[in-house]
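# Examining the three-dimensional arrangement
Listed here are the chains, written in short residue letters.
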Amino acid sequence: MIHPHTELRYVSSTVGHGVFATAFIPKGTFLWVLDPFDRILTVDEVRDLPPVLKQAVERWAYVDPTGHFVFCWDHGRFMNHSCRPTSRGIGDAFEIAVRDVLPGEELTCEYGILNIGKTFDCACGQLGCRGRVGPGDVERLFPSWDAEAEDAFRHAASVPQPLLPFVKAGPRDHAVLDALARGATSVTLPSHREYRREGAHDAGEGEGLWAIAGVHENPQRRARTTRADRPSATRRRASSRRVGAAR
Amino acid sequence: MIHPDTEVRRVDDVVGVGVFATAFIPRGTITWALDPLDQVFAPGSLDGLGPSWEAWLDHHTYRDREARRILCWDAARAMNHSCEPTCGGSDLGFEVALVDIAPGEQLTNDYGTLHLEPNEGFVCRCGAPGCRGVVAPDGSAWERGLPLLREALTYLTVVPQPLAPLVAPAVLRAGRRAVGLPGTERRRRPSL
Ligand SMILES: [Zn+2]
Ligand SMILES: [Zn+2]
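Structure report, in brief. (Residues numbered from 1 in each chain as written. Chains lettered and ligands numbered in written order. Predicted model: local features only at pLDDT ≥ 70, side-chain atom pairs only at ≥ 80, totals over all residues. Heavy atoms only, no water.)

## Some remarks on the sheet that holds strand S9 (residues 94-97) of chain B
All names here are of chain B.
- Pairing is antiparallel in the open sheet, where 3 strands are placed in the order S3-S9-S8. Edge positions in the sheet fall to strand S3 (30-33) and strand S8 (87-88), since each has one partner strand and no second.
- Where S3 and S9 come together, 3 bridges link them in antiparallel fashion. Its bridge partner being in S9, isoleucine 30 is matched across the sheet by valine 96.
- The strands touched by helix H2 (residues 140-153) within the sheet are S8 and S9, with S9 carrying the most contacts at an inclination of about 85°. (Pairing = 2+ DSSP bridges. Helix = DSSP H or I, 4+ residues; strand = E, 2+ residues; numbered from the N terminus. Contact = heavy atoms within 4.5 Å. Axes fitted to C-alpha atoms, helices over the stretch in contact; angles between N-to-C directions.)

## Quick word on the coordination of the zinc ion (ligand 2)
Residues and elements named next belong to chain B.
- Surrounding the zinc ion (ligand 2) are the protein donor atoms Cys83 (SG), Cys124 (SG), Cys126 (SG) and Cys131 (SG), at 2.3 to 2.4 Å.
- Around the zinc ion (ligand 2) sit 4 donor atoms, and with donor-metal-donor angles ranging over 104 to 114° the site reads as tetrahedral.
- Written as a sequence motif, the donor residues of the zinc ion (ligand 2) are C-x40-C-x1-C-x4-C. Of this pair, cysteine 83 sits in the loop between strand S7 (80-81) and S8 while cysteine 131 sits in the loop between strand S11 (122-123) and strand S12 (134-135), and the two are 48 residues apart along the sequence. (Donors = N, O, S within 2.8 Å, 3.2 Å for Na, K, Ca; no water. Tetrahedral: all angles 85-135°; square planar, octahedral: opposite > 155°, others 65-115°.)

## Focus: unusual backbone geometry
All names here are of chain B.
- The backbone phi angle of alanine 67 is positive, close to 65°, even though this residue is not glycine.
- Of note, alanine 67 is situated in the loop between strand S5 (61-63) and strand S6 (69-71).
- Under the relative-accessibility criterion, alanine 67 is labelled partly exposed at 34%.
- The backbone of histidine 115 shows a phi angle near 55°, a positive value even though the residue is not glycine.
- Within the secondary structure, histidine 115 is located in the loop between strand S10 (106-109) and S11. (Buried < 20%, exposed > 50% of the residue type's maximum accessible area, 1.4 Å probe, protein only.)

## Quick look at the nonpolar core
- Of all hydrophobic cores here, the largest spans 89 residues; its most connected members are A:Phe30, A:Phe37, A:Val57, A:Phe153, B:Val96 and B:Leu153.
- The leading source of residues in this core is helix H3 (residues 137-153) of chain A, at 6 residues.
- In this structure A:Phe37 touches A:Trp73, B:Gln39, B:Phe41, B:Leu46, B:Leu49, B:Trp53, B:Trp56, B:Leu57 and B:Leu71, once residues within four positions along its chain are discounted.
- Listed in part, the 16 residues of the second largest apolar core include B:Ile2, B:Ile70, B:Cys72 and B:Cys87. (Core = buried A, V, L, I, M, F, W, Y, C linked by side-chain atoms within 4.5 Å.)

## A short note on the interface of chain A and chain B
- Contacts between chain A and chain B engage 20 residues on the former and 20 residues on the latter.
- Buried surface at the junction of chain A and chain B, summed over both partners, amounts to about 1,600 Å²; 76% is from carbon and sulfur atoms.
- The interface formed by chain A and chain B contains 0 salt bridges.
- In this structure, the connection of chain A to chain B is made through 5 residue pairs in polar contact (both at pLDDT 80 or more). (Buried area = accessible area lost by both parts, 1.4 Å probe. Salt bridge = Lys/Arg side-chain N within 4 Å of Asp/Glu carboxyl O. Polar contact = N/O pair within 3.5 Å; in protein donor to acceptor, adjacent residues only side chain to side chain.)

## Some thoughts on H2(B)
Residues and elements named next belong to chain B.
- The end-to-end C-alpha distance of H2, which contains 14 residues, comes to 20 Å, matching closely the 20 Å that a straight helix rising 1.5 Å per residue would cover.
- The sharpest bend along H2 comes to roughly 50°, located at leucine 146, with the proline proline 147 sitting one to four residues further on.
- Ala141, Leu146, Leu149, Ala152 and Leu153 are the residues of H2 that are buried.
- Buried positions along H2 lie against S8, S9 and helix H3 (169-178). (Expected span 1.5 Å × (residues − 1). Bend = angle between axes of the 7 residues up to and from the residue.)

## Concerning the packing of aromatic side chains
Residue and element names in this part refer to chain A.
- Inspection of every chain in the model, using the stated rule, returns 13 aromatic pairs over all chains.
- Here the aromatic rings of phenylalanine 30 and phenylalanine 94 are separated by 4.6 Å at their centres, their planes lie at 40°, and the arrangement is tilted. One end of the pair, phenylalanine 30, is in strand S3 (residues 30-33); the other, phenylalanine 94, is in strand S9 (residues 94-97), and 64 residues separate them in sequence. Judged on exposure class, the residue phenylalanine 30 and its partner phenylalanine 94 are both buried.
- When the ring centre of tryptophan 60 is taken as reference, the NZ or CZ atom of arginine 77 above it lies at 5.8 Å. (Phe/Tyr/Trp six-rings, centres within 6.5 Å; stacked < 30°, edge-to-face > 60°. Lys NZ or Arg CZ within 6 Å of the ring centre and 35° of its normal.)

## Overview of the pairing of strand S8 (residues 87-90) of chain A
All names here are of chain A.
- Burial along S8 is two-sided: the face carrying Ser87 and Gly89 and the face carrying Arg88 and Ile90 are both buried.
- Relative to S9, S8 runs antiparallel, the two sharing 4 bridges. The partner of glycine 89 across the bridge, within S9, is glutamate 95.
- The antiparallel hairpin formed by S8 and S9 contains 3 residues in its connecting segment, where glycine 91 sits at a positive phi of about 60°.

## Let's talk about a nonpolar patch on the surface
- A cluster of nonpolar residues, B:Val11, B:Val14 and B:Val15, forms a patch on the protein surface that exposes about 270 Å² of accessible area.
- Looking at the element boundaries, B:Val14 is found in the loop between strand S1 (6-12) and strand S2 (16-21). (Patch = residues over 30% accessible without salt bridge, like charges linked within 9 Å, V, L, I, M, F, W, Y side chains within 5 Å. Areas by Shrake-Rupley, 256 points an atom, 1.4 Å probe, with all protein chains shown as cover.)

If you want it as structure tokens, here you go:
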């Protein structure tokens with residue numbers, strides 16, 4: 001679930017939509033949490049969808065470390081990537097604001113941990129933009145991402161957390177919830193590195209999320225998936241022009 | 001899934017957002033279809049969620065004939081009420097345009113057809129000439145809307161249907177039968 005003080009806005013034909021703050025949101029606020037209504041879909045479930053819905057999932061879902069597609073029910077799925085995002089991921093269920101977010105500012109996250117499956121050209125326009133964003137980036141950059149998340153978490157217990165009643169916490173998130181309940185400002189958080197799907201590689205253009213989601217499937221089934229289900233060439237080009245498919 | 005020729009737009013601070021046509025949508029067009037990404041919850045299955053979710057459920061889900069909660073995955077959630085709605089039929093598993101919908105016009109439902117609980121009636125200021133003032137939770141809206149819905153469903157086969165791949169033919173036939181129309185034009189092969 002995305003923070004209540006946000007709205008969906010159309011950005012441009014290249015970027016599509018984005019999520020924007022409608023009020024001041026302080027550093028340390030959870031900007032997004034996984035909730036019970038976000039769909040967790042298996043590779044088979046996505047494969048069996050009618051084509052128009054399969055395209056929606058390919059465009060707006062991300063892949064979690066267990067290889068499931070996560071399709072957010074609300075406009076959280078339209079969050080764009082930035083190389084200097086407003087939030088960092090913590091565990092499986094949290095995105096935490098790493099700086100104050102001003103009204104009208106776009107909420108962004110780091111696609112480098114979302115098992116995106118292919119490298120894309122980034123046009124986030126931030127100072128320090130990596131230019132190319134890929135699945136391997138996390139291996140190089142996780143220390144600074146983790147440090148940002150830990151710094152932000154020091155504020156988490158002292159700012160309003162409207163999303164906390166709605167979170168669907170997984171095993172890796174309990175330490176975070178315990179720390180908040182105790183009012184603790186410092187806790188060992190799960191590293192961004194752990195969110196990477198094991199075996200994930202740069203699938204190059206084309207396979208995208210399917211290559212990552214289906215990475216442990218047997219090769220025969222995998223071949224069938226990639227032939228029948230990968231997006232068309234036109235769509236692929238269209239989506240690689242975007243700053244990134246939403247989360 | 002909502003018709004592709006639509007977009008969500010801000011109406012005002014009271015109403016919030018609504019769903020608007022971006023192209024002409026003729027009467028009888030399927031404007032929404034219940035699809036596998038929509039979530040359907042049996043009565044009672046969400047009781048364990050806790051009180052923090054109550055307002056959320058009221059705002060984002062509706063109830064069908066069997067009191068199941070439906071959470072649409074897309075802009076269909078943002079459809080507003082009107083006492084003279086442009087769309088109807090949700091209980092059939094799909095909705096159709098009850099009138100020709102012009103570009104820029106809003107896609108609306110009569111919430112009175114959405115199985116409101118006894119305490120969910122509301123005062124309406126939809127602004128339609130035929131606004132009832134109060135939307136009663138009594139199911140009368142379905143009866144009232146039936147002639148228009150029946151008329152619209154006679155156009156099902158003569159207008160473009162971009163959402164047709166999401167509606168099984170059996171669902172369409174059942175929908176037509178539910179409003180008193182013949183379910184299908186399927187002809188028997190003449191016996192020799
Ligand atoms: Zn960038
Ligand atoms: Zn009214």
